[in-house]
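In case you want the letters, here they are:
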Amino acid sequence: PTGGYLIGFVFAALFLGRAVKYDRNNPVYLFAVFSICSFAILGFGTLWLKVLLGLTFKRALFLGFVPFVAGDLFKALAASYLYFKFQSRIKEVL
């Protein structure tokens, strides 16, 4: 059942790697990019659940997407804040 989420991680990482190049100095932009990546992971996972378990789209949505939205938005907010806060230190290390 987790196969879709794993596939979603790959696509989210590719998107994040490209999108974060454009505007690293805007925390709202970073939050939007992190949120889009989280929703992409959840979307792939939901579609995988629908196909694998033969669920209706509505049922798969309520099992694989909705319960995780609030937590993922919080994590996207925390990640964008931490990235923005420590961006200069990250550049020094890399």
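Residues numbered from 1 in each chain as written. Predicted model: local features only at pLDDT ≥ 70, side-chain atom pairs only at ≥ 80, totals over all residues. Heavy atoms only, no water.

Caption draft 1: Here's a closer look at the environment of valine 20. Within the secondary structure, valine 20 is located in the loop between helix H1 (3-19) and helix H2 (27-53). Judged by relative accessible area, valine 20 falls into the buried class, the value being 11%. Sequence-wise, valine 20 and phenylalanine 34 are 14 residues apart; in three dimensions their C-alpha atoms are separated by 9.2 Å. Non-local contacts of valine 20, meaning those with residues more than four positions away in its chain, are made with Leu30 and Tyr83. (Helix = DSSP H or I, 4+ residues; strand = E, 2+ residues; numbered from the N terminus. Buried < 20%, exposed > 50% of the residue type's maximum accessible area, 1.4 Å probe, protein only. Contact = heavy atoms within 4.5 Å.)

Caption draft 2: Local environment of the nonpolar core. In terms of nonpolar packing, the biggest core is built from 11 residues, these being Tyr5, Ala12, Ala19, Val33, Cys37, Ile41, Leu42, Leu49, Leu55, Ala60 and Val69. Going through the elements one at a time, H1 and H2 are the ones with two or more residues in this core. The dominant element in this core, judged by the number of residues it contributes, is H2, at five residues. What leucine 49 contacts, discounting residues up to four positions off in sequence, is Pro1, Tyr5, Gly54, Leu55, Ala60 and Gly64. Counting residues in hydrophobic clusters, the runner-up holds five residues, among them Val20, Leu30, Ala76 and Tyr83. (Core = buried A, V, L, I, M, F, W, Y, C linked by side-chain atoms within 4.5 Å.)

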